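Each chain, letter by letter, is given below.
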Amino acid sequence: MGLPDTNSAKNAILGAIRAINIPPAPLPPLQRSEWITYPDPAAQFAIVLASIGGTCETVADTAELNEKLRHLPAFTTARQIVNLVPHVNLPAEHLLKEQEIADPHHLVDVDLAIMPGEFAVAENGAVWCVTRHLRHRVLYFITQHLALVVPREQIVHNMHQAYERLAWGQAEFGLFLAGPSKTADIEQSLVIGAHGARSLTVFLV
Amino acid sequence: MTSLAIVDHPKKAAAFVADIDRAHWHDQSLWYVRIKRDKQAASLPEWELLRETASQIKANVVANLADYLEQFANEATKLGAVVHWARDAAEHNAIVLNILQSRGAQKIVKSKSMLTEECHLNPYLERHGIEVIDTDLGERIVQLAKEPPSHIVLPCIHYKKEEIGELFHEHLGTDKGAKDPKYLAEAARQHLREKFCGADAGITGVNFAIAETGGFVVCTNEGNADLGVSLPKLHIACLGIEKLLPRAADLGVFLRLLARSATGQPITTYSSHFHGPLPGGELHIVLVDNGRTDIAANPDFRRSLNCIRCGACMNTCPIYRRSGGHSYEATVPGPIGSILAPARDSAKYATLPHACSLCGSCSDVCPVKIDIHQQLLTWRKEIAARKQLKWSKRLGMQLTGWVFQHPWLYSTLGKMARWTLPWMPRFMLYHGLNPWGKQRELPSAPPQSFRELYAQRQKQQANGGSVTPQPSPHSPPSVYSASSKVN
Ligand code: SF4
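Now for a look at the structure at hand. All values derive from a computational prediction rather than experimental measurement.

### Some thoughts on the overall build of chain A
(1) Moving on: Scanning chain A from N- to C-terminus turns up six helices and eleven strands.
(2) Moving on: Compactness check: chain A gives a C-alpha radius of gyration of 21 Å against a globular reference of 17 Å for 205 residues, more than 25% above the reference.
(3) Moving on: With respect to the principal axes defined by its C-alpha atoms, chain A has extents near 65 × 50 × 40 Å.
(4) Moving on: Taking the intrachain contacts of chain A between residues at least 6 apart in sequence as the baseline, contacts between residues at least 24 apart amount to 72%.
(5) Moving on: Averaging the coordinates of the 14 positive side-chain charges in chain A and doing the same for the 20 negative ones gives two points 5 Å apart.

### So, the sheet that holds strand 3 (residues 112–116) of chain A
Residue and element names in this part refer to chain A.
(1) Moving on: Pairing is parallel across the open sheet formed by five strands, whose spatial order is 1-11-6-3-2. A strand with exactly one partner marks an edge of an open sheet, and here the two such strands are strand 1 (55–58) and strand 2 (81–83). Strand after strand, the sheet turns through a mean of 15° between neighbouring axes, direction not considered.
(2) Moving on: The sheet contact formed by strand 6 (residues 145–150) and strand 11 (residues 199–204) spans six bridges and is parallel. Considered in strand 11, the bridge of Leu-148 is made with Val-202.
(3) Moving on: Those strands touched by helix 2 (residues 41–51) are strand 1 and strand 11, and its axis lies near 170° from that of strand 11.

### Comments concerning the nonpolar core
(1) Moving on: Within the largest apolar cluster, 151 residues are counted, with the highest numbers of intra-cluster contacts made by Tyr-140 and Phe-176 of chain A.
(2) Moving on: Filtering out sequence-adjacent residues up to four positions away, Tyr-140 of chain A remains in contact with Met-115, Pro-116, Cys-129, Val-130, Thr-131, His-133, Leu-134, Leu-146, Leu-148, Leu-175 and Leu-177 of chain A.
(3) Moving on: Of all hydrophobic cores here, the second largest spans 24 residues; its members include Ile-108, Tyr-124, Leu-125 and Cys-238 of chain B.

### With respect to the site of the ligand
(1) Moving on: The local shell around the ligand holds 13 residues, among which Cys-307, Cys-310, Gly-311, Cys-313 and Cys-366 of chain B are the closest.
(2) Moving on: For the shell around the ligand, the residue count by class is eleven nonpolar, one polar and one charged.

### Focus on the state of the cysteines
Here, the word disulfide means a covalent bond between the sulfur atoms of two cysteines.
Residue and element names in this part refer to chain B.
(1) Moving on: In the structure shown here, the tally under the stated rule is zero disulfides over all chains.
(2) Moving on: The thiol of Cys-219 is not disulfide-bonded; the next cysteine sulfur, from Cys-310, is found 12 Å away.
(3) Moving on: Using a relative accessible area of 14% as the deciding quantity, one classes Cys-219 as buried.

### Side note on the interface of chain A and chain B
(1) Moving on: Between chain A and chain B, the contact holds 77 residues from the first and 95 residues from the second.
(2) Moving on: With both chains or domains summed, chain A and chain B bury close to 7200 Å², and 64% of this area falls on carbon and sulfur atoms.
(3) Moving on: In terms of surface lost to chain B, no three residues of chain A exceed Asp-185, Ile-186 and His-195 of chain A, which account for 11% of the buried area on that side.
(4) Moving on: On inspection of chain A and its partner chain B, the count reaches six salt bridges.
(5) Moving on: Note that Arg-256 of chain B and Glu-123 of chain A form a salt bridge whose closest N and O atoms lie 2.8 Å from each other.

### Considering the environment of His-158 of chain B
Residues and elements named next belong to chain B.
(1) Moving on: By the element assignment, His-158 lies in the loop between helix 8 (137–144) and helix 9 (161–172).
(2) Moving on: A sequence separation of 128 residues divides His-158 from Leu-30, and the C-alpha atoms of the two residues are 9.9 Å apart.
(3) Moving on: Within the structure, the side chain of His-158 is placed 2.7 Å from the side chain of Ser-150, a separation counted as a polar contact.

### Focus on the side chain of Ser-338 of chain B
Residues and elements named next belong to chain B.
(1) Moving on: Within the secondary structure, Ser-338 is located in helix 16 (residues 334–344).
(2) Moving on: Taking relative accessible area as the criterion, Ser-338 reaches 1% and is therefore assigned buried.
(3) Moving on: Each residue touching Ser-338, except ones within four places of it in the same chain, is listed here: Tyr-328, Leu-352, Pro-353, Leu-376 and Trp-379.

### Describing the sheet that holds strand 5 (residues 126–130) of chain A
(1) Moving on: Overall, mixed pairing links the eight strands, which are arranged 7(A)-4(A)-5(A)-8(A)-9(B)-6(B)-5(B)-8(B) in an open sheet. Across the chains shown, the open sheet's two edge strands, defined by having one partner strand only, are strand 7 (155–156) of chain A together with strand 8 (244–245) of chain B.
(2) Moving on: Taken together, the six bridges between strand 8 (residues 172–177) of chain A and strand 9 (residues 270–275) of chain B define a ladder with antiparallel strand orientation. If you follow Gly-174 of chain A over to strand 9 of chain B, its bridge partner there is His-273 of chain B.

### Comments concerning the pairing of strand 6 (residues 215–220) of chain B
Residue and element names in this part refer to chain B.
(1) Moving on: Most of strand 6 sits inside the fold, with six of its six residues counted as buried.
(2) Moving on: Neither face of strand 6 is exposed, since Gly-215, Val-217 and Cys-219 on one face and Phe-216, Val-218 and Thr-220 on the opposite face are all buried.
(3) Moving on: Inspection of the sheet shows strand 5 (residues 208–210) paired to strand 6 by three bridges, in the antiparallel sense. Residue Ala-209 lies in a different strand from strand 6, and its bridge partner there is Phe-216.
(4) Moving on: Between strand 5 and strand 6, which follow one another and run antiparallel, lie four residues, and Gly-214 among them has a positive phi close to 75°.
(5) Moving on: Both strand 6 and strand 9 contribute to a ladder of five bridges, which runs antiparallel. The residue bridging Val-217 from the neighbouring strand is His-273, located in strand 9.

### Here we look at the pattern of salt bridges
For side chains of opposite charge, pairing can occur when their charged atoms come near one another.
(1) Moving on: On inspection of all chains with the given rule, the structure shows 36 salt bridges over all chains.
(2) Moving on: Close ionic contact of Glu-123 of chain A with Arg-260 of chain B constitutes a salt bridge, the shortest N to O distance being 2.7 Å. Of this pair, Glu-123 of chain A sits in the loop between strand 4 (119–121) and strand 5 while Arg-260 of chain B sits in helix 12 (residues 250–262), on two different chains. You'll find Glu-123 of chain A and Arg-260 of chain B in the same group, each marked buried.

### A closer look at the environment of Ser-113 of chain B
Residues and elements named next belong to chain B.
(1) Moving on: Secondary-structure assignment places Ser-113 in the loop between strand 2 (107–110) and helix 6 (114–118).
(2) Moving on: Residue class for Ser-113 comes out buried when judged on its relative accessible area of 4%.
(3) Moving on: Measuring from C-alpha to C-alpha, the distance between Ser-113 and Ala-178 comes to 29 Å, with 65 residues separating the pair along the chain.
(4) Moving on: Not counting the four nearest positions on each side in its chain, Ser-113 is found in contact with Glu-139, Thr-204 and Gly-205.

Conventions we followed
Residues numbered from 1 in each chain as written. Chains lettered and ligands numbered in written order. Predicted model: local features only at pLDDT ≥ 70, side-chain atom pairs only at ≥ 80, totals over all residues. Heavy atoms only, no water. Helix = DSSP H or I, 4+ residues; strand = E, 2+ residues; numbered from the N terminus. Rg over C-alpha atoms; globule rule 2.2 N^0.38 Å. Contact = heavy atoms within 4.5 Å. Lys, Arg positive; Asp, Glu negative; His and termini not counted. Charge placed at Lys NZ, Arg CZ, Asp CG, Glu CD. Pairing = 2+ DSSP bridges. Axes fitted to C-alpha atoms, helices over the stretch in contact; angles between N-to-C directions. Core = buried A, V, L, I, M, F, W, Y, C linked by side-chain atoms within 4.5 Å. Buried < 20%, exposed > 50% of the residue type's maximum accessible area, 1.4 Å probe, protein only. Near = heavy atom within 4 Å. Nonpolar A, V, L, I, M, F, W, Y, C, P; charged D, E, K, R; others polar. Disulfide = S-S within 2.5 Å. Buried area = accessible area lost by both parts, 1.4 Å probe. Salt bridge = Lys/Arg side-chain N within 4 Å of Asp/Glu carboxyl O. Polar contact = N/O pair within 3.5 Å; in protein donor to acceptor, adjacent residues only side chain to side chain.

Following this line, the structure appears as C-alpha cells:
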C-alpha cells in the first residue's frame, strides 16, 4: 500500500469540519482571582512534594547546598555523577562531563544528575525544567537519582501563574517534573522508580 | 475496522460477575481511586470553576477546530516537525509504517496511546515485521498477556499481582510465585531499559496539542514516553484532532484537572512539552480524524469530544466497576466509551448505552463537564429508533410502553403483583427472564400502591384526619426511607 496523499486527507478533514455549522463559543479568561494561593508557597511546595514521593530541602547558601549534596545517599553510593548547576562544587572523581558525551546512550549508567530547575509550583510540587543548558535531554529521565536546584524566590502558587511565566516560539523541550518516577500498575500499589529517577530531591536555595 | 460480531455487554458482564470475589475486588480497587480523586478535587476551592473553564475552552475548540488545526500544523512545521493528516485508522497506520520503513526502523518503543489502540497500530506494524514494545508498565502487562487494556488510565486494573507474577515468570524470567509489586516493577524496569536503549524510534500519543505554539504535551508518571523519545532520533506522535487547545496558557487549566481526576494526584510526574524535534532528530506528527468530525457534526454528541481521557467516569461508574472493562469490547470502555463506540457503529455497540443506571455519577466527576448520562439516554432513544435493540429488550419495552398507556391495566397488574409476589416460590421469580433478580433480591412488595396511599390520604384529609401509611412487613432500612423524597 502506498503512502496516502496527506494533502488530500488534510483538505478532506478540514473541509468536513468547515461544513459543520457549530455555534460560536467564546474563550474564557484565564486570569482569575479565584485561583488558589497559599500563605507560604515554599512550605506548601515542600508538603506536596513529600506527598508525591519527593524531598524538599531548603538551604541557606551554596556552601550548605554543597554540604547537603555530599550527604545525599544517592551521592555517597554513586559511581557516575553529572552536575549541571554552576557553583556546585563536588569532588571530581565520579563526575562525568555531559557535554563531552556524543551518544545519549552512554548516559545509561549515570547514578545521580544534579540539574537546575527554573521555578517551582506550590499547588502540585512540580518544577519547570528546560534543556537549554544540556546536550542530552534524556539525562532527566535516564539517571537513577535526580537532584534539582531551584532559587528559593522562584515559587509560584498555581499552574496559571506558571504558564504566565513561560514563553514560546522556538524549538525547545521543557517539562513540569513532580517527584520521582512511579507506577501503581500492579494492584494499585505505589512503586517508586518505574523507568525514570528513583528519587528526587529539590533544593530551594 | 468493523467486525460483524455484536457486542453483548450483559453476557460479557455476567461472565465477569460470575467470580464474585474478583468482581468485588475490582469494584473496590476502582472505588479507591475515585476516593483519591475526591480528595484532590476538594483540595481546590475553585474546582467547579476549573471544570467550567475547561468545558468552555473545549467548546471553543470544537467550534473553531479547522482553524486551530491549521494553525497548529503551521506552527509545528515552523519548529521543524513534519505534519501528516489521516482520515482514518488505515491511513494513520500506513503513514506510521511508511515513516518507519523508509528510515529502516525495526524496533519501536511506544508509550500509552488510546489512539493507536483505536487504530490497531501494533498488530499492523507487527504484521510488517516491526517489533513494537508498549512501555507503560500496565500496557506492557496486557501486551504480554495478548489482551487489550481494560481501562484507559489503568490498563491492567483487572489483573492480580499473582497473575502478573506468573506472566513475568514466563516472559521475563522472574522467580516463580513472586508477587511483590516492588520486585515485579524492578524486573520490568530492567527489561524495558534494554528496550529503550535498543529502540530505533519512539511513538507517543498526545494529551494536549497547542494551536498557538505548534507544540504538544505528553503526561506520564513513569517517564516512559520521555525515555522512549529522548534516546532514538525518531519520534512519531499520533494525535486525535480533538486534542487541540487554543493557547499554551490553557494547559494551566487542563494539567490541573487531568491527574487529579485520573488518579488523584496533584499532577503527573512528567508533563513534557515537545516543541520541535530533538536536536539532530526527526519529529513526525500524525493528525487523525477517524470518525471525530462525524461526532462533531452531531449536536447531541458533540460534547463527547471534550473528553481528556482521564478515566474518572470509569472509576465511579457502578456498572463499569462491576462488569470489568473488557465487557465493553471497545477501545474506550465505560461511560464515555459507551457514547463514543456507538458513534462508530451503533448496531454493533447497541448494548453499551444500556450498561448504565443513569445515576449521573460520571457527569458529576467529569473534569470537562460532559453530560455523559444525558448522552447515554439520548443514545438509547436513538438506538431504539434505529431498531437496533435486541428482540427481548424491544419486546419488553413495547410491552411496558403498552401497559403504561393503559392506567387501569397498570394498576390491576400492580395489585395482582402485590398479592401474588409474596407467595411466589423462588424459582418463579428468579430465573433467566428476570435480569433484575440476578445477584440481588427483589424488594418486597408494599401492601399499598402509591396511588392507593394517595387516594386514602385525600379521603382522610377531606375528613380532617391525619394519615399513617401502613408499614410494609419487610420495611427498608430507615436511612433509605429518610432519604426518600416521596411524601
Ligand atoms: S468523559 Fe470525562 S470523566 Fe470520562 S474519561 Fe473523559 S474527561 Fe474523564
